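One-letter residues, chain by chain:
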Amino acid sequence: MQGFDKLSLSGVGVMPDKTSGARHVAIIMDGNGRWAKKRHLPRAVGHQRGVEAVRTLVRAARELGLDALTLYAFSTENWRRPEDEIAALMGLLRRYIVADIDEFVANNIRLKVIGDYRALPGDVVTLIDDALAKTAGNTGTWLVIALNYGSQNEIARAASAAAAKGAITPASIEAELDTAGLPPLDLLIRTSGEVRLSNFLLWQAAYAELVFTDVLWPDFAPQHLRAALAEFAGRERRYGGR
Ligand code: FPP
């Protein structure tokens, strides 16, 4: 099943130190719970270690020269999780923004949020708005965080907005997506062994390369990103042509 084999992301010999032509990488960060369970630790610890993986990977994305890194942090479906887990995730998001905003500013990182983040707790919304404002003038790597994001909802909102302005066409919908203005998605990675898109970037993934790995998110390190980019470099992209 070529193309659907899960990558070990460890056996790749030559790792690129650049992005192999990929400009925009998105990641479904999955497996925090299983990482914790394997160690008999609370799920919240898995999420905590997940944030450490985020921090390290954002730095690596900038150093590699990626134009955009989009991370699926909280889906519209994640509201179904127990209240204490949602609270723990919101707490981690708060702390991550507060701790790293100065680094984003110093490193020319542009923050963007996709999804309806205004439904998050009020103080988180304020922190996000503040961080967006502080990084709005930056010109480097986009860090795009998907929060209360669901792709079907995004497409429906975009189609309504396009219809309100005139004809519904692929281009008019695309211009209204939350990701408008970002480079096209090149590579979509999902960790933890699950092989599905879970309502993430369905439109944007139309011609993206997909890489699935068994590595659990807290263990996902820059070398895994580089291995996925090496895999990307070896794929032939035909966009439906030949
Ligand atoms: C999946 O693990 C991961 C999530 C639901 C959210 C990802 C969130 C983080 C990495 C932390 C917050 C993010 C930021 C940007 C500060 P899971 O709980 O579904 O794992 P499991 O499938 O093994 O149970």
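Everything here concerns the structure above.
Residues numbered from 1 in each chain as written. Predicted model: local features only at pLDDT ≥ 70, side-chain atom pairs only at ≥ 80, totals over all residues. Heavy atoms only, no water.

> If you had to explain the sheet that holds strand 5 (residues 187-190) to someone new, which residues and values would you point to?
As summarised here, the arrangement of the six strands in space is 3-4-2-1-5-6, forming an open sheet in which the pairing is parallel. Each end of this open sheet is capped by a strand with a single partner; those strands are strand 3 (110-114) and strand 6 (209-212). Taken over all neighbouring pairs, the strand axes of this sheet differ in orientation by 20° on average, direction set aside. Strand direction decides the pairing type here: strand 1 (residues 24-28) and strand 5, joined by four bridges, are parallel. Following the sheet pairing, Ile 27 is matched in strand 5 by Ile 189. Packing against the sheet, helix 4 (residues 122-135) makes contact with strand 3 and strand 4 (142-149), and its axis sits at approximately 140° to strand 3. Relative to the sheet, helix 7 (residues 222-234) contacts strand 1, strand 5 and strand 6, its axis offset from that of strand 5 by approximately 135°. (Pairing = 2+ DSSP bridges. Helix = DSSP H or I, 4+ residues; strand = E, 2+ residues; numbered from the N terminus. Axes fitted to C-alpha atoms, helices over the stretch in contact; angles between N-to-C directions. Contact = heavy atoms within 4.5 Å.)

> Lay out the environment of Ala 228 with the relevant residues and their values.
In this fold, Ala 228 is placed in helix 7. The sequence separation of Ala 228 and Ile 155 amounts to 73 residues, and the corresponding C-alpha distance is 27 Å.

> So, the site of the ligand: which residues are in play, and what are the values?
Around the ligand, 15 residues are found, and the nearest of them are Met 29, Gly 33, Arg 34, Arg 43 and Arg 81. Gly 33 places a main-chain nitrogen or oxygen 3.0 Å from an oxygen atom of the ligand. The set of elements that each furnish at least two residues to the shell around the ligand consists of helix 1 (32-38), helix 2 (43-64) and helix 3 (83-106). Looking at which element gives the most residues to the shell around the ligand, the answer is helix 2, with four residues. Residue classes in the shell around the ligand are distributed as six nonpolar, five polar and four charged. (Near = heavy atom within 4 Å. Polar contact = N/O pair within 3.5 Å; in protein donor to acceptor, adjacent residues only side chain to side chain. Nonpolar A, V, L, I, M, F, W, Y, C, P; charged D, E, K, R; others polar.)

All we've got here are geometric facts, nothing functional implied.
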